[in-house]
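Summary of the model geometry
In case you want the letters, here they are:
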Number of protein chains: 2
Amino acid sequence: MFRKLLTLEEAKKIIEENFKPAQIDDEDVALLEAYNRVLKENVISTIDVPAFNRSTVDGYAVKAEDTFNADENQPITLNISGIALTGEQPKNVLAKGEAIEIVTGAPIPEGANAVIMLEDTERVDNQLQIYTAIAPYMNIMKKGSDIKTGETILHTRQTLGAPEIGTLAALGLTKVRCFKPPIIAILSIGNEITETGKTLIPGKIFDINTYSLSTAIIECGAKPIIFGIVPDDKNALRKTLITAISSADAVITSGGVSIGPYDYTPQIVDSLGKPGVVISGIAVKPGKPTTIAFIQNKPIFSLPGNPAAALLMFHILVRPTIFHLCGKAPHETRTIRAFAGAKLFSAKGRRTFITVKLALDIEKERLIAEPITEASGAITTLTKADGFIEIPENQQYINKDEEITVKLFRQT
Amino acid sequence: MFRKLLTLEEAKKIIEENFKPAQIDDEDVALLEAYNRVLKENVISTIDVPAFNRSTVDGYAVKAEDTFNADENQPITLNISGIALTGEQPKNVLAKGEAIEIVTGAPIPEGANAVIMLEDTERVDNQLQIYTAIAPYMNIMKKGSDIKTGETILHTRQTLGAPEIGTLAALGLTKVRCFKPPIIAILSIGNEITETGKTLIPGKIFDINTYSLSTAIIECGAKPIIFGIVPDDKNALRKTLITAISSADAVITSGGVSIGPYDYTPQIVDSLGKPGVVISGIAVKPGKPTTIAFIQNKPIFSLPGNPAAALLMFHILVRPTIFHLCGKAPHETRTIRAFAGAKLFSAKGRRTFITVKLALDIEKERLIAEPITEASGAITTLTKADGFIEIPENQQYINKDEEITVKLFRQT
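Summary of the structure given here. Just so it is clear, the model here is predicted, and its values are computed rather than measured. Throughout this description, residue numbers start from 1 for each chain and increase along the sequence as written. Whichever chain is written first becomes A and whichever ligand is written first becomes 1, with later ones labelled in order. Reporting of local features is limited, given that this is a predicted model, to residues whose pLDDT is at least 70; pairs of side-chain atoms are given and counted only at 80 or more, and all residues count toward the totals for whole chains, interfaces and linings. Only hydrogens and water are removed before side-chain values are computed, so all heavy atoms of the structure are retained for them.

Some words on the overall build of chain A
Rule in force here: Every helix listed is a DSSP run of H or I at least four residues long, and every strand listed is a run of E at least two residues long, numbered separately from the N terminus. In this setup the radius of gyration rests on C-alpha atoms only. A globule is expected at 2.2 Å times the number of residues raised to 0.38. The criterion used for residue contact is that any of the two residues' heavy atoms lie within 4.5 Å. Accessible surface is estimated by sampling points in the Shrake-Rupley manner with a 1.4 Å probe; for residues, cover comes only from the protein chains shown. In this tally Asp and Glu are treated as negative and Lys and Arg as positive; neither His nor the chain ends contributes. Charge coordinates come from a single atom per side chain, which is NZ of Lys, CZ of Arg, CG of Asp or CD of Glu.
Counting secondary structure elements, chain A contains eight helices and 28 strands. Against the globule reference of 22 Å for 412 residues, chain A gives a C-alpha radius of gyration of 31 Å, more extended than a compact globule. Dimensions along the principal axes, computed over C-alpha positions, put chain A at roughly 95 × 55 × 45 Å. The long-range fraction of contacts in chain A, counting pairs at least 24 apart against all pairs at least 6 apart in sequence, stands at 70%. In the form shown here, chain A has an accessible surface area of approximately 18000 Å², with 50% of it arising from carbon and sulfur atoms. Taken as two groups, the 44 positive and 48 negative side-chain charges of chain A have centres that lie 12 Å from each other.

What follows is the structure, encoded as structure tokens:
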């Protein structure tokens, strides 16, 4: 197969053009299980929250006008005519010259338009002395001030966190309609790959990518389905890929994409349907042999076997597609500005990604991005990395101390 | 009970001094279920990864010295004496003047010390023409270059993500020893609180805090246990609190902490054991009535009923404690620099937290932190917020356009 290296932007554009996913299924999810789920529909309130004017403090409900002449030297006196408690409609109507004792969260009695804080009053039996004037609506949370009937309070494609789930509870809901998480198939290709827990015979290595990629898929909010290790065997690979494609919304393979005589992956994937392979190598380092196909409208990402390259390519190319399959609104990777801790060189003609660790330069009060200079492909480099920087294709290097943008791996 | 308002720093110090949690339980977790779990012990490798010198490209294994005189005009010629494949020990030993075909990931044959890329060679039958000199160890990932035997590759208290779980797989492990997630009890206190799904009668509101706080607890990596709604009734509250304390590692209540006649929470909590209430109000806004106790070495956080204040106090005071109970290493809230979108006023003498939404000022290429100015206590304010800013006790305001630090709520 002819391998033309595309730029990263060209590759992203081709993915976008070919990706026409089927409608995403949805399901009802109990509020307490909805953390990190994605909203299927806009949520429109059918109630006012709060449903009544509510006191935000402990004190006395009054007519603000009755306090206007109060000051420290000339307190005014009101008659306490009752008490307003939480969870029930106040019994009394407030008349001019009166105050009604009220607790935090209780409905404001009819006739009252402000609450004066306990601390600003002095009570003697049923007489209340007020030493300060207050404005109308002071210490009142008005009916509908949090949520109004008919208001769209949450939007389709939003991911649900604590405030969103609290907001759904405020409406009295017990469940919410969410997109179903997509199923992502994973397989590791290569005669040298050994299942974890087995004995490692000389020349073999353990299967890293099944584990790192599954975890990355879970982190996206999707569900991995694991097809394990497939040897460098055309028939085995074809059979597994067919099952994987029919059981999942997308497939991620690693290994078998180099130009060696046993690198069958692109050829087999291409034979399984239309359009087949649409991206056959990208001008990036690492990740050059990355191959991307679409079969039955499902994306097949064939990543390099090198664990660090596979995980970086996952972050850059696969993750946005999985977010889309999850129903999530597109969002940018979080970035941070820092200064290069060393001169950083690019690979000729390729977009170069360099993993970095951030350190604080206390003297100069700035962040330094130190390149992680260990063996290429080492999975451990990524455990030490905070993020990566990109050097464009047409740039030879970044100077030490140059200001750069670091894309963060972890969001915590 | 005497209520002396502490500063936020004093409150944090008192929590630290009183918090002597029991040893955290641990358990084995399968690698594929270990996402976001916390490592109980350091992980020390018992193997080299890779366990052999490995080719990182498709090409030919050679003696680098044999290529030193090669250039574009004067290629050197080597005899191809075999092939090295993945997953098996190479059969041939490389002699001077020879090349062995090799695929990505295969062990380097004895006698070879470099790999020349396929693209830089020309093969005619069993003769290989080489047009460029290569240095020793070129395109070889050395034995142990990713992980060395005896090396500590992961550390106790680390949270496991994709690279860490990949690293554990590289060692051939199938499970990992993790701390057990702590159990955090939640209860909502107040006569006005109604269970979601029920009909709301006048004067009542739905239980928001059970849902927002449970989700916040899940987000921390802990497990909520829900005790539901407790009315303003001393006996009911005492009974529920006793069960909650004995079933959980920490307890979070909301509501019933104001100074009204039915705010029993601090008094009841204090009666349940030693040292009892250690923090009885904090000079912050919102969150002033926050009460914190320790009973049987377990922290009891009594937050205000106001949902926005409860969630903000959770973020500032409860989350670090839950992280500790999870076994996580302490870590700072992520911050970002921005410019105030409006003049922001503080509450007199109290640390003031103002929730803000970030917006990009495209013209000036900077982030603007716009305060969210809706009703105090509105849970919806938090669905719109990216984070919050702090105004110190002794500062009256922050000017519009002043540079400020925003603490981010969400890490995504």
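Next comes the rest of the account.
Observations regarding the interface of chain B and chain A
Our working rule: Each of two parts loses accessible area, computed with a 1.4 Å probe, when they are put together; buried area is these two losses added. The working definition used for a salt bridge is a side-chain nitrogen of Lys or Arg within 4 Å of a carboxyl oxygen of Asp or Glu. Here a polar contact is taken to be a pair of N or O atoms separated by no more than 3.5 Å, where protein atoms must pair a possible hydrogen donor with a possible acceptor and residues adjacent in sequence count only if both atoms sit in side chains.
Facing the 81 residues of chain B at the interface are 82 residues of chain A. Of the roughly 6700 Å² buried where chain B meets chain A, counting both sides, 64% is carbon and sulfur surface. Three residues stand out in chain B for area buried against chain A, namely Leu-32, Tyr-35 and Arg-334 of chain B, and they jointly supply 9% of the buried area on that side. Summed over the shared surface of chain B and chain A, the number is four salt bridges. We note a salt bridge from Arg-54 of chain A to Glu-192 of chain B, for which the minimum N-O separation is 3.3 Å. Counting across the chain B and chain A interface gives 16 residue pairs in polar contact (both at pLDDT 80 or more). For the side of chain B that touches chain A, the secondary-structure elements that each account for two or more residues are strand S11 (152–154), helix H3 (162–170), strand S15 (205–206), helix H4 (209–220) and helix H8 (379–384) of chain B.

Section: the sheet that holds strand S13 (residues 183–189) of chain B
All names here are of chain B. Stated formally: The pairing criterion is simple: DSSP has to find at least two bridges between the two strands. In this description, a line fitted to the C-alpha atoms serves as the axis of each element, helices being fitted only across the stretch in contact, and the angle between N-to-C directions of two axes falls anywhere from 0 to 180 degrees.
Read across the open sheet, the six strands follow the order S16-S13-S17-S21-S20-S18; overall the sheet is mixed. The sheet is open, and its two borders are formed by strand S16 (223–230) and strand S18 (275–280), each paired with just one other strand. For this sheet, the mean angle separating the axes of adjacent strands, direction not counted, is 20°. In this structure, strand S17 (residues 250–254) lies alongside strand S21 (residues 298–303), joined through four bridges in parallel fashion. What sits directly across from Val-251, in S21, is Ile-300. Of the strands in this sheet, S13, S16, S17 and S21 touch H4, which is tilted by about 165° from S13.

A word on the pattern of salt bridges
Our working rule: We call a residue buried when its accessible area falls under 20% of the maximum for its residue type, exposed when it is over 50%, and partly exposed in between, using a 1.4 Å probe and counting protein chains only.
In this structure the tally under the stated criterion is 40 salt bridges over all chains. In this structure, Asp-26 of chain A engages Arg-177 of chain A in a salt bridge whose closest nitrogen and oxygen atoms are separated by 2.7 Å. In this pair, Asp-26 of chain A sits in strand S1 (residues 26–30) while Arg-177 of chain A sits in strand S12 (residues 175–179), placing the two residues 151 residues apart along the sequence. Notably, a salt bridge pairs Arg-37 of chain B with Glu-27 of chain B, separated by 2.6 Å at the nearest N-O pair. Of this pair, Arg-37 of chain B sits in the loop between strand S1 (26–30) and strand S2 (43–44) while Glu-27 of chain B sits in strand S1, placing them 10 residues apart in sequence. The buried category is assigned to Arg-37 of chain B, whose relative accessible area is 16%. Taking relative accessible area as the criterion, Glu-27 of chain B reaches 24% and is therefore assigned partly exposed. A single network of salt bridges, built from pairs that share partners, joins Glu-9, Arg-351, Glu-390, Glu-393 and Lys-407 of chain A.

Quick notes on unusual backbone geometry
Val-49 of chain B connects to Pro-50 of chain B through a cis peptide bond whose omega is -10°. With respect to the helices and strands, the residue Pro-50 of chain B is situated in the loop between S2 and strand S3 (54–55). Positive phi values are uncommon outside glycine, yet Glu-365 of chain A reaches one of about 50°. Residue position: Glu-365 of chain A is located in the loop between strand S24 (351–361) and strand S25 (366–371).

Focus on the side chain of Asn-18 of chain A
Residues and elements named next belong to chain A. Counting through the fold element by element, Asn-18 comes out in helix H1 (residues 8–18). The exposure class assigned to Asn-18 is buried, which follows from its relative accessible area of 19%. A polar atom in the side chain of Asn-18 sits 2.8 Å from the backbone oxygen of Ile-14. Discounting residues that sit within four places of it in the chain, Asn-18 has contacts with Pro-275, Val-278, Phe-294 and Asn-297.

As for the sheet that holds strand S8 (residues 121–124) of chain A
Residue and element names in this part refer to chain A. On the basis of which strands lie adjacent, the open sheet formed by six strands has the order S7-S4-S6-S5-S9-S8 and mixed pairing. If you trace the sheet from one side to the other, it starts and ends with strand S7 (114–117) and S8, each paired once. When the angles between neighbouring strand axes are averaged without regard to direction, this sheet yields 40°.

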